[in-house]
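What follows is the residue order along each chain.
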Amino acid sequence: DLGASTEAPGRQVLPTPAYSLHWHEGAIYFAGFDAGIHCWKPGSPAADARPIAGPGASVAGINDLGTVFDCAIAPTGQIFVADYDSGRLVSFQNGFGSLVLDELQQGICCSPNGVLYVRTAQALQKLEGSRLQTVMSFETLPADLQFVANAMFATKEEVIYILDCGANRILRIHPDESFQPLVIGQVPAEYGPALWDMFVTEAGTIYVADGGQNKVFTLRPGDATFTEVLQCP
């Protein structure tokens, strides 16, 4: 938790440019711009970051990823990858890569319960076995709730948060609210944000990364607006 002060220092811990960061069992998993997924444990030398999938990884089966993809990690350690270049969903576990779906996705996230959510152009869906089940169709949304999603996050209550980079806001989709999106936060326009990624704590605090200005914003429960908490180098 960075607190509420913009004085929080930012420092480089890895020299490798990365995106789509995930935390699992004391390690950071990240997608690099080398078409691969890497694992690094905080406190270890940067050289200890090891490839899990893609170039340099010891993987049987599918191991060729495109340069643009999204990834998610299940509680079991299974890594799902939405490979945009190839229009498919693949998974990696125990050194083996396999095809899950031969369909194009626009984003994925996995809840702490192991439910994998998949966003397509038409709907928000979840993976049931080897099939997708529709959770919410976008065609039925009113115009003011249409969104351009850059990231999703799912909690253990299966509440889904969507980072709407088109309108610089956060939407919440709650199963107890008939999965109807609710706007819960707006990043002020004066920040000129380029929203990229998001994380939600168990206490309900939302952290949003601004890739354009290398800043992090937070929205705490009960707050009406976001606060800048970190300026990265």
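Cut-offs and rules
- Residues numbered from 1 in each chain as written.
- Predicted model: local features only at pLDDT ≥ 70, side-chain atom pairs only at ≥ 80, totals over all residues.
- Heavy atoms only, no water.
- Pairing = 2+ DSSP bridges.
- Helix = DSSP H or I, 4+ residues; strand = E, 2+ residues; numbered from the N terminus.
- Axes fitted to C-alpha atoms, helices over the stretch in contact; angles between N-to-C directions.
- Phe/Tyr/Trp six-rings, centres within 6.5 Å; stacked < 30°, edge-to-face > 60°.
- Buried < 20%, exposed > 50% of the residue type's maximum accessible area, 1.4 Å probe, protein only.
- 1 Å grid on protein atoms, 1.4 Å probe; cavity = no way out; pocket = protein on both sides within 12 Å on 5 of 7 lines; lining within 4 Å.
- Points joined across faces, edges and corners; volume = space filled by probe spheres on them.
- Nonpolar A, V, L, I, M, F, W, Y, C, P; charged D, E, K, R; others polar.

Chemist: Even after reading the chapter, I still don't get the sheet that holds strand 3 (residues 37-40), so can you show me in this structure?
Modeler: Backbone-to-backbone hydrogen bonds pair the strands of a sheet. The strands run either parallel or antiparallel. With antiparallel pairing, four strands are arranged side by side in an open sheet as 1-2-3-4. Edge strands, defined here as strands with exactly one partner in the open sheet, are strand 1 (18-24) and strand 4 (50-53). For this sheet, the mean inter-axis angle between neighbouring strands, taken without regard to orientation, is 30°. Summarising the sheet, strand 2 (residues 27-32) and strand 3 pair through four bridges and their orientation is antiparallel. Paired with I28 across the bridge in strand 3 is W40.

Chemist: Mind showing me how you'd approach the pairing of strand 12 (residues 123-128) here?
Modeler: Consecutive residues of a regular strand have side chains that alternate between opposite faces of the sheet. As defined by bridge partners, strand 11 (residues 116-119) adjoins strand 12 across three bridges and the pair is classed as antiparallel. Following the sheet pairing, Y117 is matched in strand 12 by K126. Counted between consecutive antiparallel strands, the loop separating strand 11 from strand 12 contains three residues. Sheet topology note: the strand 12/strand 13 (residues 131-137) ladder contains six bridges and is antiparallel. In the sheet register, Q125 faces strand 13, and the bridge partner there is T134. Where strand 12 folds back onto strand 13 in an antiparallel hairpin, the turn is made up of two residues, including G129, whose phi is positive at roughly 65°.

Chemist: Would you take a moment to explain the sheet that holds strand 9 (residues 96-101) for this structure?
Modeler: An order of 5-9-8-7-6 is seen for the five strands of this open sheet, with the pairing classed as mixed. Whereas interior strands pair on both sides, the edge strands pair on one side only; in this sheet they are strand 5 (60-61) and strand 6 (69-73). In this structure, strand 5 lies alongside strand 9, joined through two bridges in parallel fashion. Bridging across to strand 9, A60 finds its partner in F96.

Chemist: I keep staring at the packing of aromatic side chains and nothing clicks. Help me out?
Modeler: The geometry of an aromatic ring pair comes down to the distance between the two centres and the angle between the two planes. According to the stated counting rule, one finds two aromatic pairs in the structure shown. Between F153 and F199, the ring centres sit 5.1 Å apart and the planes meet at 70°, which makes this aromatic pair edge-to-face. Of this pair, F153 sits in strand 14 (residues 149-154) while F199 sits in strand 18 (residues 195-200), placing them 46 residues apart in sequence. For F153, a relative accessible area of 17% corresponds to the buried category.

Chemist: I'm lost on the layout of surface pockets in this one. Help?
Modeler: With a probe scaled to a water molecule rolled over the atoms, the places where space remains empty come into view. Approximately 180 Å³ is the volume attributed to the second largest pocket. Surrounding the second largest pocket, 13 residues form its lining, I52, G77, F92, Q93 and N94 being those nearest its centre. Of the residues belonging to the lining of the second largest pocket, the class tally is six nonpolar, seven polar and no charged.

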